[in-house]
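Remarks on the overall topology
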Amino acid sequence: GQQVMQIPQYQHVQEGEDFTTYCNSSTTLSNIQWYKQRPGGHPVFLIQLVKSGEVKKQKRLTFQFGEAKKNSSLHITATQTTDVGTYFCAGPGDFNKFYFGSGTKLNVKP
Amino acid sequence: DTAVSQTPKYLVTQMGNDKSIKCEQNLGHDTMYWYKQDSKKFLKIMFSYNNKELIINETVPNRFSPKSPDKAHLNLHINSLELGDSAVYFCASSQDIQGFLPATNEKLFFGSGTQLSVL
């Protein structure tokens, strides 16, 4: 079954506010990936985290992998309307299957 | 050139019909997938093929039959379509099996999706 839980389901922010989405797994993950899907579009790979406690930045986006490698977060500083979309985390599960989190839909009001 | 292309983009059909969705990737990847995304945006893996060989078949009704004539193509045929089949179907590819080599950057490249509406 589903291995990766993601919260919140929705987030509405004013442009300029920060945004964070969290991903949790009941088991240790060897790696975790993040994808962004714009409305009407397809998921696009953002980043992969592999090491315990790893932090990576892409401009206003900061990705973290927990020390126990069971959770991860994506933080966006000073959101812009171009950040609108659904953000998914994804990680390997049983039998080499790759499970996606349920996604967090971000809406940014200008 | 589009890396992963799937056709058609939209598919509207009646219950009971049979339809196919085609997918091609020009990235030279060995692994291809079909994912289903429902109205709540849940992305669920259906099948994965590695070098034309079926690797994952995730409890999908046998009305769904994938076919991989070569490692660059993975088509999906659906028989006797039902209302619950309405969803967006995404094809994807990666260099190797996702999760199988966890230390490597096996990111997924998705096609633009096929929105299937069964009436």
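Scope of this entry: the structure provided in the associated data block. (Residues numbered from 1 in each chain as written. Chains lettered and ligands numbered in written order. Predicted model: local features only at pLDDT ≥ 70, side-chain atom pairs only at ≥ 80, totals over all residues. Heavy atoms only, no water.)

Overview of the overall build of chain A
The line we're drawing: Under the DSSP-based scheme used, a helix requires at least four consecutive residues in state H or I and a strand at least two consecutive residues in state E, with every element numbered from the N terminus. A 1.4 Å probe rolled over the protein chains alone gives each residue an accessible area, and that area as a share of the maximum for its type sets the label: buried under 20%, exposed over 50%, partly exposed in between. Two residues form a contact once any of their heavy atoms are found within 4.5 Å. Areas reported as accessible are Shrake-Rupley estimates using a 1.4 Å probe. Residue values count occlusion only from the protein chains shown. The positive count covers Lys and Arg only, the negative count covers Asp and Glu only, and His and the chain ends enter neither. Where a charge lies is defined by one atom per residue type: Lys uses NZ, Arg uses CZ, Asp uses CG and Glu uses CD.
Tallying secondary structure elements over chain A gives 0 helices and 11 strands in all. In sequence order, chain A lays out its α and β elements as β-β-β-β-β-β-β-β-β-β-β. Based on the C-alpha atoms only, the size of chain A along its principal axes is roughly 45 × 25 × 20 Å. Counting across all 110 residues of chain A, residues that qualify as buried make up 49%. Partitioning the intrachain contacts of chain A with sequence separation of at least 6 by distance along the chain shows that 53% fall at a separation of at least 24. Accessible surface for chain A amounts to roughly 5,200 Å². Of this, 52% is attributable to carbon and sulfur atoms. Distance from the positive charge centre (12 side chains) to the negative charge centre (7 side chains) of chain A: 6 Å.

What about the sheet that holds strand β7 (residues 64-70) of chain B?
All names here are of chain B. For the record, the criterion: Only strands that DSSP links by at least two bridges are regarded as paired with each other. Helix axes are fitted only over the stretch in contact, all axes being lines through C-alpha atoms; the angle between N-to-C directions runs from 0 to 180 degrees.
Pairing within the open sheet is antiparallel, and its 4 strands lie in the order β1-β3-β8-β7. Looking along the sheet, the strands with just one partner apiece sit at the ends: β1 (4-7) and β7. In this sheet, neighbouring strand axes are inclined to one another by 15° on average, regardless of whether the strands run parallel or antiparallel. Note: strand β3 (residues 19-25) against strand β8 (residues 73-78), 4 bridges, orientation antiparallel. Bridging across to β8, Ile21 finds its partner in Leu76.

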